[in-house]
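So the chains spell out like this:
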Amino acid sequence: MPVREAPDPVHQVVMNALGAFLASPPDGTPIEVVEALTLMGGNGSDPLPPRLFFEAVEQSPVAISITDPRATILYANRAFETLTGYDRQEVLGQNEAILSSNATPDSVYQHLWRTIQSKETWTGTLVNRTKQGGDYLAELIISPVLDRDGDLQYFLGMHRDVTKVHELEGALRQQKARIETVLDAAPVIVVLLDSKGRIILDNQEYKKLLGDLRGKEPAEVLRAAVSEQIGGDAFDACLNGCGFKDVEVSIEIPGGMGPRWFACSGTPVEETDASARSYFRRQASPDRRLLLLANEVTGRRREIDRAHLEHLRARLAEQQLMHGMREALAAAIYQIQVPLNVINAAATMLRGGAGNADTLAGMLDHISTSGEKALATLTSALPEEQREAGVMVNVNELLRQVLELETDRLLAAGIVVDWRPAHVLPELPGHKTQLRALFKHLIDNAIQSLCESGRAHRELRLTTRPVDGGVEVEIEDNGVGIPPEDRYRVFEPFSIGWRNRRGRAGMGLALSQEIVNAHGGGIEVDPGFSDGCRIRLSLTAVIADV
Ligand code: FAD
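Computed from a prediction, not measured in an experiment: that's the story for all the values here.

Participant: Would you mind going over the overall build of the chain with me for this structure?
Facilitator: Looking only at helices and strands, one finds 16 helices and 17 strands in the chain. Since a compact globule built from 546 residues should have a radius of gyration of about 24 Å, the 45 Å found for the chain marks it as more spread out than a globular shape. The principal-axis extents of the C-alpha atoms in the chain amount to approximately 180 × 50 × 45 Å. Counting over 546 residues, the chain shows a buried share of 39%. When contacts within the chain are restricted to residue pairs at least 6 apart in sequence, long-range pairs at least 24 apart make up 59% of them. Of the roughly 31,000 Å² of accessible surface on the chain, 55% is carried by carbon and sulfur atoms.

Participant: How do you make sense of the sheet that holds strand E12 (residues 415–420) when you look at a structure like this?
Facilitator: The strands making up a sheet associate through hydrogen bonds between their backbones, and the pairing can be parallel or antiparallel. Taking strand neighbours across the sheet as the criterion, the five strands line up as E12-E14-E15-E17-E16 in an open arrangement whose pairing is mixed. Of all the strands in the sheet, the pair left with one neighbour each is E12 and strand E16 (523–525). Across this sheet, the average inter-strand angle for adjacent strands is 15°, counted without regard to direction. One ladder, built from eight bridges, connects strand E14 (residues 458–467) with strand E15 (residues 470–477); its direction is antiparallel. Bridged to Arg465 within E15 is Glu472.

Participant: Got a minute to help me understand the nonpolar core in this structure?
Facilitator: Nonpolar side chains in soluble globular proteins tend to end up buried together. Val395, Phe439, Leu460 and Leu537 are the most contacted members of the largest nonpolar core, which totals 37 residues. Broken down by secondary-structure element, the contributors of at least two residues to this core are helix H13 (395–405), E12, helix H15 (432–453), E14, E15, helix H16 (508–518), E16 and strand E17 (533–540). The element best represented in this core is H15, accounting for eight residues. In contact with Leu537, other than residues within four places in its own chain, are Leu438, Phe439, Leu442, Val471, Glu472, Val473, Val516, Gly522 and Ile523.

Participant: Quick question: what am I supposed to make of the sheet that holds strand E1 (residues 63–67) here?
Facilitator: Taken together, five strands build an open sheet; the order of strands is E2-E1-E5-E4-E3 and the sheet is antiparallel. Pairing within the sheet leaves two strands with one partner each, and these edge strands are strand E2 (73–76) and strand E3 (122–129). Along the sheet, successive strands turn relative to each other by an average axial angle of 30°, direction set aside. Relative to strand E4 (residues 135–146), E3 is paired through eight bridges, and the arrangement is antiparallel. When the bridges of E4 are listed, Thr123 appears paired with Ile141.

Participant: How should I be thinking about helix H3 (residues 50–59) in this particular structure?
Facilitator: Residues separated by three or four positions in an α-helix point in the same direction, a consequence of the helix having 3.6 residues per turn. Of all the positions in H3, only Phe53, Phe54, Val57 and Glu58 are classed as buried. Buried residues of H3 fall within an arc of 140° about the axis and therefore sit on the same side. Tucked inside the fold, the buried residues of H3 contact helix H1 (9–23), helix H2 (31–40), E1, E2, helix H4 (78–84) and helix H5 (88–91).

Participant: Looking at this model, I keep getting lost on the site of the ligand. Mind explaining?
Facilitator: The ligand sits among 19 residues. The nearest are Asn95, Ser100, Tyr109, Trp113 and Asn128. Residue Tyr109 places a side-chain N or O atom 3.0 Å away from an oxygen atom belonging to the ligand. In the model, a nitrogen atom of the ligand is placed 3.2 Å from a nitrogen or oxygen of the Gln117 side chain. In the complex, 73% of the free accessible area of the ligand, which totals 910 Å², lies under the protein chains. Secondary-structure elements contributing two or more residues to the shell around the ligand are helix H6 (106–117), E3, E4 and strand E5 (152–161). A per-element tally of the shell around the ligand places H6 first, with six residues. Classifying every residue of the shell around the ligand by side-chain character gives ten nonpolar, seven polar and two charged.

Here is what the cut-offs are and how they apply
- Residues numbered from 1 in each chain as written.
- Predicted model: local features only at pLDDT ≥ 70, side-chain atom pairs only at ≥ 80, totals over all residues.
- Heavy atoms only, no water.
- Helix = DSSP H or I, 4+ residues; strand = E, 2+ residues; numbered from the N terminus.
- Rg over C-alpha atoms; globule rule 2.2 N^0.38 Å.
- Buried < 20%, exposed > 50% of the residue type's maximum accessible area, 1.4 Å probe, protein only.
- Contact = heavy atoms within 4.5 Å.
- Areas by Shrake-Rupley, 256 points an atom, 1.4 Å probe, with all protein chains shown as cover.
- Pairing = 2+ DSSP bridges.
- Axes fitted to C-alpha atoms, helices over the stretch in contact; angles between N-to-C directions.
- Core = buried A, V, L, I, M, F, W, Y, C linked by side-chain atoms within 4.5 Å.
- Arc of directions from axis to C-beta.
- Near = heavy atom within 4 Å.
- Polar contact = N/O pair within 3.5 Å; in protein donor to acceptor, adjacent residues only side chain to side chain.
- Nonpolar A, V, L, I, M, F, W, Y, C, P; charged D, E, K, R; others polar.

This is the structure:
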């Protein structure tokens, strides 16, 4: 008669505990734990024989232990032995506290016990100590196992060593912190964008600019400016592998002291796939990122601008001198032409007359000839008006130059300037001198209007904005204003409405309209503005030869 082997008590504990656990896994047990243990026992419809189930638990790569409700170890598998360094016989009958190191805070244990005593699964991380005295980080799951009456019977503990993961995470955090420290110390704006333009990484300089732009995303503003400079969407081109280097752009900062200049470089960066699937295969289309560096060069640009402005001031003075000369000579020509015409008429009448009329006619002819000569000399002395080539112009830049040239007058008249340029404007083809003269004239008008108003608070507001196919400019003052009935008349030649007419010929707005028309735009007095005068003009990409 075959003798039946008495069941091993440890084996019995394992089978009881795991059977009861799998029959009703407690709340909070990770599903993968339930699945793994179920798998060890064979699937539900085809369970493994108990010995094989036991073997599967024994061989599991996860350290498994089963304790009584006071955490006294009743069973530990081979992985437990390997991980903790304790021989199974050494730990049976011992409390799990044998693994405790003094590096786990008491509050963690308290939470652990509160949870498992409420018959729920606890998951967390403890610092454990091996038999040899080495510390390791244990990712632990403790599940209570209940008897038929619902009372605590066992605790099932499963843990694995996650020290390496923690070390890697730590090294990664440290690396990131190092990179951030270096980036933050760099005096350059650095930002890494994903293919949708979202920010993955930025530095202090970037954040500073974000503050200056009052929350408007600098990456977007720089993108618009660089794209305007090189045509097409520069960032998209860069993400497709075509980077750009040292593209100098200017952006307007609200309430700032003029524009700020940045030399921008964009480099495409390929992000490698770190997922397990990519271990053997190269990623077909790696994720592209854009690394944008923007180096502020405002100081250097201001120096260049200052020199340019000096040059402009000198040119403007020269132009004004030439203009004065032309006017003086034209007036002289006109003044000589009138008596000359009279003399010529008189000579014609006298010729063929009686007495000394012929002699008189001869004398008049003589006067007329020398007069004609003087006229020819004066006409040839008339300086030629320079024809100006059309170039790409930035309206913000021109307006600012004129404002700077007018600074002394504005200060002397106590005018507060509210400069509201668009962050980025499209460049337009235009005649720089003409446009400067246009803006200067409109600002001069505003200054005179403010002075004539006698107002204490005098404000000049300049606004620019991009519009479809061009740029719109508003020049607004809270001065005397233009009556509605004069809205159109002011653009007619010789129309003067000023109280102080000195030095005014009434040609300014007529000429301004001509310049605007030559730039394919229009100019009007805004009828909807009543607190002074608002001139609104548009300039387009279409220019006529001036
Ligand atoms: P203790 O002074 O024994 O306990 C610290 C705090 O824990 C106490 O202040 C108290 O709030 C709480 N506490 C301890 N025992 C009980 C109890 N029986 N009932 C209620 N509250 C209690 N610990 C590890 O350090 N590493 C492990 O890998 C580990 N695995 C475990 C696996 C299982 C299945 C179980 C049930 C427990 C495990 N523990 C483990 C917890 C262990 O039993 C000890 O509670 C812990 O190690 C703290 O022991 P200690 O001697 O340092 O402090």
